[in-house]
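A look at the structure
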Amino acid sequence: MSETILKVAGLKVAYGGIKAVKGVDLEVRRGELVTLIGANGAGKTTTLKAITGTLPPCKVDGTISYLGQPLAGKQSFRLVEQKLAMVPEGRGVFTRMTIHENLLMGAYTRRDQAGIDADIEKWYAVFPRLKERSAQLAGTLSGGEQQMLAMARALMCHPTLLLLDEPSMGLSPIMVEKIFEVIRDVSRQGITILLVEQNAKLALQAAHRGYVMDSGAVTMTGNARDMLDDPRVQAAYLGE
Ligand code: ATP
């Protein structure tokens, strides 16, 4: 079995009196695309924020390890140096920088200028819309364009693990299709991905394995294909 890249054990998060995550265990192995699905408020984003250390002050218990080392207490900006990249919900692009500058920021830990330039051109080829607008301020881009930029920026650091929070949110069906095509492509290139998604069908179709979260707990896990065929998943999350 391949190496465990990310291991979350017994994670509990409480915002004041609200227990948002109630003892979650999950694991992502090298090369896997794992998806975390579940209804609004299930605790998916909270779980991702616990991994990246970006939770607001609140009570956190449990352990999170990345490449066998505990992540607790690491400043979140240090994670990129360890090749752990996150595309947060709402994209998080640098709104007052151009597209090009955002992409350069994604590569700030790298020193290989020729490689950086080549990667930027590669992403411009994947997303021609970004190339056309390379000098445009990111804050003036549409939601879909910001999502493309946020993904390309995260991938500029050549991550070992990519965390994606709701990449399809607020996008048109064509844009969702495009973003998922890129996610599948990135996964085929061997990058390990943890994908939080409300669009359970698309997420399970793209993923190797899945976890279902409900009211702060993991209620189901398994092979993504089997989950797509599971009548309980179909009834609760696939609208079938
Ligand atoms: P969605 O798909 O709607 O984003 P989610 O599964 O990602 O949902 P979370 O955002 O993790 O869910 O929220 C889990 C619970 O924690 C919710 O009940 C939410 O209201 C609560 N919560 C999240 N952030 C905070 C916060 N900063 N302060 C207080 N409660 C919060």
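Fair warning: this is a prediction, and the values are worked out from it, not measured in the lab.

Bringing the site of the ligand into the picture now. As a structural note, the neighbourhood of the ligand is formed by 14 residues, with Asn40, Gly41, Thr45, Thr46 and Gln198 the closest of them. Within the side chain of Glu166, an N or O atom sits 3.1 Å from an oxygen atom of the ligand. The contact in question runs from an oxygen atom of the ligand to an N or O atom on the side chain of Gln198, over 2.8 Å. Coverage of the ligand by the protein amounts to 65% of the 630 Å² it exposes when considered alone. With three residues, the top contributor of residues to the shell around the ligand is helix H1 (residues 44–52). When its residues are assigned to classes, the shell around the ligand shows five nonpolar, six polar and three charged.

What the four strands build is an open sheet, ordered S2-S1-S4-S5; its pairing is antiparallel. The open sheet terminates on both sides in strands that have one partner only, identified here as strand S2 (18–29) and strand S5 (69–70). Judged from the two bridges that link them, strand S4 (residues 59–66) and S5 form a sheet pairing that is antiparallel. Residue pairing in the sheet places Ser65 in a bridge with Pro70 of S5. Against the sheet, H1 makes contact with strand S1 (4–15), S2 and S4, and its axis sits at roughly 115° relative to S1, the strand it touches most.

The geometry of helix H2 (residues 99–106) relative to helix H5 (residues 143–155) is characterised by a closest axis approach of 7 Å and an angle of 30° between their N-to-C directions. Classed by the angle they form, the pair H2 and H5 counts as roughly parallel. Where H2 crosses over H5, the two elements pack in a sense that is right-handed. Contacts between H2 and H5 involve Ile99, Asn102, Leu103 and Gly106 from the first element and Leu149, Ala152 and Arg153 from the second. Classifying every residue of the contact of H2 with H5 by side-chain character gives four nonpolar, two polar and one charged.

Take the packing of H5 against helix H6 (residues 173–188) next. It is the contact of H5 with H6, at a shortest axis distance of 10 Å, that shows an interaxial angle of 10°. As judged from the angle between their axes, H5 and H6 are roughly parallel. Mapping the contact onto sequence places Gly144, Gln147, Met148, Met151 and Leu155 in H5 and Met175, Ile179, Val182, Ile183 and Val186 in H6. Classifying every residue of the contact of H5 with H6 gives eight nonpolar, two polar and no charged.

The next point concerns the pattern of salt bridges. Scanning the entire structure with this criterion turns up 12 salt bridges. When the shortest N-O distance is used, the salt bridge between Glu3 and Arg30 registers 2.8 Å. With a gap of 27 residues between them, Glu3 in the segment before S1 and Arg30 in the loop between S2 and strand S3 (33–38) connect regions that are remote in the sequence. Looking at Glu3, the relative accessible area reads 38%, which means it is partly exposed. The partner of Arg232 in a salt bridge is Asp230, with the nearest N and O atoms 2.8 Å apart. A residue is classified by how much of its surface remains accessible, and Asp230, at 15% relative accessible area, is buried. Ionic contacts of the salt-bridge type, sharing partners, join the residues Arg29, Glu32 and Arg209 into one network.

The rules behind these values
- Residues numbered from 1 in each chain as written.
- Predicted model: local features only at pLDDT ≥ 70, side-chain atom pairs only at ≥ 80, totals over all residues.
- Heavy atoms only, no water.
- Near = heavy atom within 4 Å.
- Polar contact = N/O pair within 3.5 Å; in protein donor to acceptor, adjacent residues only side chain to side chain.
- Areas by Shrake-Rupley, 256 points an atom, 1.4 Å probe, with all protein chains shown as cover.
- Helix = DSSP H or I, 4+ residues; strand = E, 2+ residues; numbered from the N terminus.
- Nonpolar A, V, L, I, M, F, W, Y, C, P; charged D, E, K, R; others polar.
- Pairing = 2+ DSSP bridges.
- Contact = heavy atoms within 4.5 Å.
- Axes fitted to C-alpha atoms, helices over the stretch in contact; angles between N-to-C directions.
- Parallel < 35°, antiparallel > 145°, perpendicular 65-115°, else oblique.
- Left-handed = near helix turned anticlockwise from the far one by under 90°.
- Salt bridge = Lys/Arg side-chain N within 4 Å of Asp/Glu carboxyl O.
- Buried < 20%, exposed > 50% of the residue type's maximum accessible area, 1.4 Å probe, protein only.

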